[in-house]
Each structure stands twice: as C-alpha cells, then as structure tokens.
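Structure assessment
Chain by chain, the residues run as shown.
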Amino acid sequence: MADDIREQQLAAQASGGALSPVEVLDDTPVAVTDGPAAVRRGALRRFGQLLRRSPKLVVGLGVIVAIVLFVVIVPFFTESPTALDNASLLRPGEDGHLLGTTQLGADVLSQLAHGGRGSLLIGLTAGVITLVLSVIFGVIGGYLGGWVDETMFLISSVMLVIPGLPLMIVVSSYIPGRTIWLLAVILGVTSWAGSALVLRSQARSLRTRDYVSAAKVAGEKPTRIILVEIMPNLLPLFAGQFLFAVVAAILGEAGLSYLGLGPTGSVTWGTMLNDAQSGAALTRGAWWWFIPPGLLIAFLGGALSLVNFSIDETINPKLRAGSIAAKNTRDAKKRAKKKGDQ
Amino acid sequence: MKFYVRRIAFYVLTLWFAVTLNFVLPRLLPGDPATILLQKLSRLGGEVTPAMIRSVELLLGTDDGASMWTQYWSYIGSIFRGDLGVSISNYPAPVTTLIGEALPWTLALVGTATVISFLLGIFGGAWVGWKRGTWADNVIPATTLLQSVPYFWLALLLVYIFSVSLGWFPIIGGWDTWTFDNPEASFAFFLDALRHATLPAITIILSSVGGWLLGMRNMTVSTLSEDYITTAEAKGLRPSRIFMTYTVRNASLPSIAGFTIALGFVVSGSIVMEQVFTYPGLGRLMIQAVQGNDYALMQGVFLVITLTVLAANFIMDMFYGFIDPRARHNG
C-alpha cells in the first residue's frame, strides 16, 4: 500500500504542477583548468564538504556500506543457506548457529547474507531498468516534444494509472519458474512511469533554457544536445529517482516473495519472510527468523532514503535554506529577548 | 470542454489497455495455455472436473478453432455484461459474487484507515514544517525509516507483539467465526469486527502517514518562503492566522489531490496486509486466486481494482480541473 501511495504522490506532484521548482544548482565551482588530478581532488573536496554539511548523508552511506559488506563478506564464512543441519528450530546461539535456525534447520545468518545478495541484486537491476525506461520515456520525449512526446506521455500516464502491485502479481503468477533476473525485469518494467513523468517535466523546462537554444542555433544534433546539455543537468535528479526505484524494487520483491510469487529456488529477504510465515514462525515465537530480514530491508530502505534526502536538499535549496533561515531568525529573536531582559 | 473530452478519452483508453492486458497475458504463455493451465491444476492435486475444463476454456477460448479476434470480442462482450466467469477454487460461485462479498470489508477497513492517516499527516506535516529548524525536524527521518519498513513485516511484528505475546487482539480473520456464523447487522458483531480491524488499520496508518507528513512538511516549508507570507508577517498578522489561512490552506492543495488518488488505491493497497491478517477482503481474494491457479478470479479482482483506481483518478482530474484553471489548460 505504501508503495502505491508514494508512487501516486510522486505522480501527482509531477502532473499537478505542485512540484516546487527544482533549480539545478552548481554552487561550489571547481577549477577545471588544472588537469584531471586537480579535478579529482576538487571532486573529493566537494564530497568531503557535502559529508560535513549533511549528517543524513553520512548515516545513510554508512548503513549502506555496512549492509553491502555484510552481504559480500559473510557468505564466505557460513554454510550454504539451504544446508539443513537437523530438522529443528534452534534459538540464537544454540549449536553454533549465531542467529538460530529455521524450522528445517537452515542457518538464519547464512540465509540473511545470501538473501541480501538476492535482494540487492534485484533492487539494483530493477532500479537500472526503471531508470533507463524513465529516461527514454521522460527525457527524450520531453526534449523532442511533438507527437513523440505526446505518445510517450500517453504511454507513461496509462502505465502510471494501472495499479502496480496487482499488475506485478498478475504478471508473475502467469510465469512459472521465475529467476532473480526475471523478477527484476517484472519489477522494473511495471514501475518506471512515475519517474518518467518527473523527468519529463524537468526536461521540458530545460529545453527552453538559453544554453540549449544556443546549442540548437549553433546546429548541434538533438542526440548531442540531450547527452551533453540536458543529461548532465539532470544527474542529481537521476540519482534521486534511481535510489527511489531501488527502494521500491526491494520492497516490491519482498512483497511479491511474501505472497509466494518470488524467485523460485533462490533465497532473498522476501522469501525468508514467506518461509517464516508458512513455517508458523509467528505462533511459535521464532522472532529470530522473521525479524532480521525485515529489519535489514528497513535499514537499507531508510539509508537509501536518507541519501535521497540529502540529494534533494542539494538540488532544492529551499528545503535547506528554509530551515537555516528560520533557525537564524529564532536565534536572533532569542538574543534580542535576552538583551531586553538584562 | 476540450479538457474534459481529452481526459475522458484518456480513461477510456486506459481501461481498454487494462482489459486487453487481462486478455493477452495468459495467451503469452508458451504452448497451448488451456492445456498448461489444466496440467497445472491437476499437478496441484485433486482431479480436474469437467466443470474446471469448461471454466478454463471460457477463460482462454476453446479449441474449436475460433480466431483470436473472435475470442477477443466475446471476451469484451462478456465483460460488458458483467460476466467475469466462474471461480475454479470456489466452484461454482461466479467471480462477481465473490468480489461483491469481499469488497465491503476492504472498503471499510482501508478507507477509514486512509482517511485517518491523511488527516494525521496533513496536520502533523504542517506543524512540523511550521516548526522547521527545531527538534521537530527529527520527526522526518523517523517517519522515513517507518516508510522503508515493509508494511507487511510491520503487520507481522504487530501480530507477534499484540496478538501472540499479549493476546489483546485476534490473530486472523475479519470477525469471530466461532461466535457468528455469518456477518450480521448487530452491535455485538460490529464491535467484534472493529476489534479484528484494529491491527490492520494501525498497520496501514503507520506505513502511510510518513508520506503525507513528508509531502505536507515540504510544501509548508516551500510555502513559508513565498513573498505573501513575508508580507503577511510584515503586516503584523497573528501567527495563528498566517499558519491556518495563508500556509496550511495553500500547502495542502497537492496533498488533497494525492488523497483522492490514495482513496482509489484503497482497494489495491492492502493486498499483502490482508494476507498477513487473513482479512476477508479483496486482496486476500486475489492471493487465494493466485494460489489456487484461479485465473478467472484473479483477472476479475485485477479488473475491479483497476476500475476503482481509474474512477478515483477521474474524479480527481475533474475536481482539479474545476478548482484550478491552470490544470485545464496544461492538460
């Protein structure tokens, strides 16, 4: 439910013209004349500044790195996630199983790490597919205008109104033997529309900027204008949309897998939750089985959203300047009051 | 006028797309879809009755060599007559009857929860935006985390804590099947249904309030930096007046648009949640259909869900075109 509503809010913002004007700002200029090394140093310095300015970004990136490390490293030290030790449910710490076992005796820690690989893989792949489709339908349509734009806008609008999760359920239920890749394709193909509309409105506004007109007058080809003049200015927006798509895909995978429509024969965080449900983990009080996968999804999603937030604040100064200005006003008022009291 | 014609044409087109998708998807299966479905059914256990074969043939067209085109038209025709076929898993109940029984549960539960969540989000968000730059800003990361939680997992946690461990609420169902044989119009039944709906409703509110809160907060912050707010402050208006009349009123417009759409998603939104609570709504029906390979039922539910979403969007469009002339001209 949350996914659908978010998707719709995004669309409403994009189509209702309610989106606050996004100014693509480049506020810290970098000297580009000193060769590639200097540019790299400049970029590093800018990144450092960004980190210092935004604790949200630090926390978000930290959690993401931790989860990725966990998923990459831990599987080397654990047994196979499907190896069944003894057919019994073990509490955490019992018999060498750090996080306990499932009902069939599979190691929960190992399932978590392996399942994380599956979930991340699906999230990233679906995110890339979503981004590519939304760039094709949003940016190219928005820039070219005319009947190409009309057609692409129509397709995006239709796709947006068709409810996402039910569509995913219908599509997946017809396909027997779903692999991780197939699931990523289903998730990506059914959820690009909202993002495309956001990118389209931005591309349409960029189209009328002076430097684009200048490039047009200078006789540049549309491909070059889109790649060189338009795309770089949309990068922060792309990053935001991509992260958003990854979160949506990971949540979508979890939901589908929980319903039993996940990848067949692979472990993901979603299939773990499905196993826990069908294994009656709830009524048997096996909290170590169903709490960790959900918690990891939540942490990963939260971390990606935090990074998204700081991107938002970078490209939409109103969100940031607003709060600083308000703080300054309040501090000034306090100081004035103190002076008055003395 | 042109605006309304265009919008109506758009919704007719979308509806056609959804209906056609329903027709095409099962036929995209490699090989002979009817045979594959019947094989699937028999592998699932149990014998395949002639009635089942008949139902599958109705769904996918018969082998008598009718062209795809004829099948398509008879399919469209039956949808217009309100004939969505017969359910296999609940044979011989017609799909429309099953949907009719499940729909009120979903509408009542998710509708109420959506309204509560919206009101909480709007007023909470406006307040947090008003107090921006104070501790109130910390509310936002907290709700973000809440939104990143898979909501059905949140439901699992609530069940574990409040139903399994504390025993305050029932674990499954929409009403107590031990006390009541069938839903009835009595006060006792109402109370019982309310008790069963509490945890699902809390799940929905918790998982969706963050979105409203964030959207409203950002709109409030943007609105507060508008010139007319500065003017109002300079005029020396009371802060409460600036807040209610100048800020909340203007900032809540996009959220109201979003609310109309969210109401449309009431039906589709709760699919996984209904599975957790085994709630007798439309989402649960859809999952039943998926698990039982009951494609007629699944298609029927998908169609009804799409219809409600389209209707809500349509109403929102008309409403917005009515109150905001700009929308009419940009459309």
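Residues numbered from 1 in each chain as written. Chains lettered and ligands numbered in written order. Predicted model: local features only at pLDDT ≥ 70, side-chain atom pairs only at ≥ 80, totals over all residues. Heavy atoms only, no water.

As a reminder, the rule being used: UniProt positions are given in the numbering used here, feature names are shortened, and annotations may be inferred rather than shown by experiment.
Looking at an unreviewed UniProt entry, one finds chain B named ABC-type dipeptide/oligopeptide/nickel transport system, permease component and attributed to Sanguibacter keddieii. For the record of chain B, the UniProt heading Subcellular location (unreviewed entry) holds the text "Cell membrane".

Looking up chain A in an unreviewed UniProt entry gives the name ABC-type dipeptide/oligopeptide/nickel transport system, permease component, with the organism given as Sanguibacter keddieii. Quoted verbatim from the Subcellular location (unreviewed entry) field of UniProt, the annotation for chain A is "Cell membrane". Among the UniProt annotations of chain A, the heading Sequence similarities (unreviewed entry) holds the following wording: "Belongs to the binding-protein-dependent transport system permease family."

1. Description of the environment of B:Phe17
As a reminder of what qualifies: In this text, helices come from DSSP runs of H or I with a minimum length of four residues, and strands from runs of E with a minimum of two, each type numbered from the N-terminal end. Think of it in three bands: with a 1.4 Å probe and only protein chains considered, a residue is buried below 20% of the maximum accessible area for its type, exposed above 50%, and partly exposed in between. Any two residues whose heavy atoms approach within 4.5 Å are treated as being in contact.
Mapped onto the elements, B:Phe17 comes out in helix α1 (residues 2–27). Note on B:Phe17: relative accessible area 27%, which makes it partly exposed. If near-sequence neighbours (up to four positions away) are discounted, B:Phe17 is found in contact with A:Val158, A:Met159 and A:Ile162.

2. Here's the deal with the domain arrangement of chain B
Residues and elements named next belong to chain B. Formally: These domain limits were set by an automatic method or by a database of domain assignments. Between Lys or Arg on one side and Asp or Glu on the other, a salt bridge is scored when a side-chain nitrogen of the former is within 4 Å of a carboxyl oxygen of the latter. Any N or O atom pair separated by 3.5 Å or less is treated as a polar contact, with the protein-specific requirement of one donor-capable and one acceptor-capable atom, and with residues adjacent in sequence counted only for side-chain atom pairs.
Segmentation of chain B into domains returns domain 1 (1–81) and domain 2 (97–324). Between domain 1 and domain 2, the contact holds 18 residues from the first and 17 residues from the second. Counting across the domain 1 and domain 2 interface gives 0 salt bridges. Taken together, the links from domain 1 to domain 2 amount to 2 residue pairs in polar contact (both at pLDDT 80 or more).

3. A short note on the interface of chain A and chain B
Going by this rule: Here the quantity called buried area is the accessible surface, traced with a 1.4 Å probe, that two parts lose on coming together, added over both.
On the chain B side, the residues contacting the 58 residues of chain A number 71 residues. For the pair chain A and chain B, the summed buried surface comes to about 5700 Å²; carbon and sulfur atoms form 77% of the total. Connecting chain A to chain B are 1 salt bridge. B:Arg6 is the salt-bridge partner of A:Glu150, the closest N and O atoms lying 3.9 Å from each other. Scanning the region where chain A abuts chain B turns up 2 residue pairs in polar contact (both at pLDDT 80 or more).

4. So, the UniProt feature "transmembrane region" (unreviewed entry) in chain A
All names here are of chain A. Mapped onto the present numbering, the UniProt feature "transmembrane region" (unreviewed entry) falls at residues 57–77, 120–145, 152–174, 180–199, 234–259 and 287–311. The span residues 57–77 carries 81% helix and 0% strand; its end-to-end C-alpha distance comes to 31 Å. Regarding residues 120–145, the helix share stands at 96% and the strand share at 0%, and the terminal C-alpha atoms are separated by 36 Å.

5. Concerning the packing of aromatic side chains
Residues and elements named next belong to chain B. Heads up, the condition is: Each aromatic pair joins two rings of Phe, Tyr and Trp (for Trp, the six-membered one) with centres within 6.5 Å, and gets the label stacked for planes under 30 degrees apart, edge-to-face for over 60, and tilted for any other angle.
Within the structure shown, the criterion is met by 13 aromatic pairs over all chains. Between Phe118 and Trp212 the ring centres are 5.2 Å apart and the planes differ by 85°, which places this aromatic pair in the edge-to-face class. Pair noted here: Phe118 is in helix α5 (residues 95–130) and Trp212 is in helix α8 (residues 187–224), with a separation of 94 residues, a long-range link. Both residues of the pair, Phe118 and Trp212, count as buried. Consider the rings of Trp130 and Phe243, whose centres lie 4.9 Å apart with planes at 55°: the pair is tilted. Here Trp130 is found in helix α5, whereas its partner Phe243 is found in helix α10 (residues 239–251), with 113 residues between them in sequence.

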